[in-house]
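# Report on the structure
The residues making up each chain are set out below.
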Amino acid sequence: MLLDVRDLQVEFHTREGVAKAVNGVSYSVDAGETLAVLGESGSGKSVTAQAIMGILDTPPGHITGGEIIFEGRDLLTLKEDRRRKVRGAEMAMIFQDALSSLNPVLTVGEQLGEMFTVHRGMSRKDAKARAVELMDRVRIPAATARVDQYPHQFSGGMRQRIMIAMGLILITHDLGVVADVADKIAVMYAGRIVETAPVHDIYRAPAHPYTRGLLDSIPRLDQKGQELYAIKGLPPNLLAIPPGCAFHPRCPLAQPVCTTDEPPLYEVDPRRRSACHFWKETLDGAR
Ligand code: SF4
């Protein structure tokens, strides 16, 4: 196990009160595996990543519980100088605007290759071959031909893939990037994980109405001219998260029990979980 986040809790102390930005999040990533975390703004995905990276603004943010085990070490108990070393050498965070993270005057091959020449002492020729391999791995077409191009010659989604090739954690609104690059997905809502599953299972049939809403909001070529689906309402105010299932005010399948009982993460199958009392019905409806 490369990264194991256990029951992470993050609060923001504001003048209006305490906002529970991350509320008991657990997930894990194996070496060589890519996890995509999905959710609207304010769902807690970026705050979780900032907590993992050790770049949370404190105050107002405070990690109030949980563990972040990275290669066997609990990052939350490391001294800041050790933490900084891990961050510099072993972790990277890719922001949505990948253009600002890439150097505009170096080719993508030079930037990807730098990881191997500087950190692993490889020759430039070998490093370039590794850069092409990485570009293939994140599904950039014609990688051999494009390795000598500059960042502005790639689309936004491609630039993000290039950054993913350099990093570990992916934060995106682009579900096309997710489908191509990720092995598994964690969907977050109101600071909690509401569904986790291998990427293809989720795309085939989501087991949570919120995931279904996110997927139905993607424009599709075969539905040209039709109105785009949008999940009704807005994400909740984290100072006043609704009782029961936090998604109930927006959920088309909500029942009375959803307004009172918070759903646990039910096991759908050994690799898949959903925090919906009606995950079976949701799954059947999506098939
Ligand atoms: Fe919707 Fe109820 Fe499931 Fe929440 S628990 S997602 S409100 S059906």
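Our structure's up above, just so we're on the same page.
Residues numbered from 1 in each chain as written. Predicted model: local features only at pLDDT ≥ 70, side-chain atom pairs only at ≥ 80, totals over all residues. Heavy atoms only, no water.

This paragraph deals with helix α4 (residues 124-137). Here α4 spans 20 Å end to end across 14 residues, near enough to the 20 Å set by a 1.5 Å rise per residue. Within the span of α4, buried status applies to A127, A131, V132, L134 and M135. Buried residues in α4, looked at end-on, bunch into an arc of 160°, giving them a common side. (Helix = DSSP H or I, 4+ residues; strand = E, 2+ residues; numbered from the N terminus. Expected span 1.5 Å × (residues − 1). Buried < 20%, exposed > 50% of the residue type's maximum accessible area, 1.4 Å probe, protein only. Arc of directions from axis to C-beta.)

Another aspect to go through is the nonpolar core. A general feature of soluble globular proteins is that nonpolar side chains tend to end up buried together. Grouped together as the largest cluster of nonpolar side chains are 28 residues, with contacts concentrated most on V10 and Y27. Broken down by secondary-structure element, the contributors of at least two residues to this core are β1 (3-14), β2 (17-29), β3 (35-38), α1 (45-53), β4 (61-70) and β8 (184-189). Tallying contributions element by element places β2 first for this core, with six residues. Filtering out sequence-adjacent residues up to four positions away, V10 remains in contact with A19, K20, A21, V22, V47, A51, L56, H62, I63 and T64. The next biggest cluster of nonpolar side chains, apart from the first, holds 22 residues, and it includes A182, V187, I231 and A275. (Core = buried A, V, L, I, M, F, W, Y, C linked by side-chain atoms within 4.5 Å. Contact = heavy atoms within 4.5 Å.)

What follows concerns the sheet that holds β4. Spatially, four strands are ordered β2-β1-β4-β5 in an open sheet, and the strand pairing comes out antiparallel. Every interior strand has two partners, whereas the edge strands, β2 and β5 (73-74), have only one. In this sheet, β2 lies alongside β1 in antiparallel orientation, the contact comprising 10 bridges. Residue pairing across strands places F12 opposite A19, the latter belonging to β2. Packed on one face of the sheet, α1 meets β1, β2 and β4 and runs near 110° to β1. (Pairing = 2+ DSSP bridges. Axes fitted to C-alpha atoms, helices over the stretch in contact; angles between N-to-C directions.)

Following the criterion strictly, the structure yields three aromatic pairs and no others. An aromatic cluster of three or more residues is present, and its members are Y189, Y210 and F247. Directly above the ring of F154 sits R146, whose terminal nitrogen or CZ lies 4.3 Å from the centroid. (Phe/Tyr/Trp six-rings, centres within 6.5 Å; stacked < 30°, edge-to-face > 60°. Lys NZ or Arg CZ within 6 Å of the ring centre and 35° of its normal.)

Here the focus is the pattern of salt bridges. A complete count under the given rule lists 13 salt bridges for this structure. The partner of R6 in a salt bridge is E67, and the shortest N-O contact between them spans 3.4 Å. Remark: E67 occurs in strand β4 and R6 occurs in strand β1; sequence separation between them is 61 residues. Put simply, R204 and D201 hold a salt bridge, and the shortest N to O gap is 3.6 Å. With a gap of three residues between them, R204 and D201 both fall in helix α8 (residues 199-204), about one helical turn apart. Judged by relative accessible area, R204 falls into the exposed class, the value being 60%. One network of salt bridges, in which partners are shared, links D4, R6 and E67. (Salt bridge = Lys/Arg side-chain N within 4 Å of Asp/Glu carboxyl O.)

Inspection of the sheet shows strand β10 (residues 266-269) paired to strand β11 (residues 272-274) by three bridges, in the antiparallel sense. Opposite E267, over in β11, you have R273 as the bridge partner. Between β10 and β11, which pair antiparallel and follow one another directly, the connecting turn spans two residues.

Within the secondary structure, V187 sits in strand β8. On the basis of relative accessible area, V187 is assigned to the buried category, the value being 0%. Not counting chain neighbours up to four residues away, the residues in contact with V187 comprise L38, R192, I193, V194, E195, I202, Y210, T211 and L214.

On to helix α9 (residues 209-216), then. With six of eight residues buried, α9 is to be regarded as a mostly interior element. Residues of α9 that are buried include every one of P209, Y210, T211, G213, L214 and L215, and no others.

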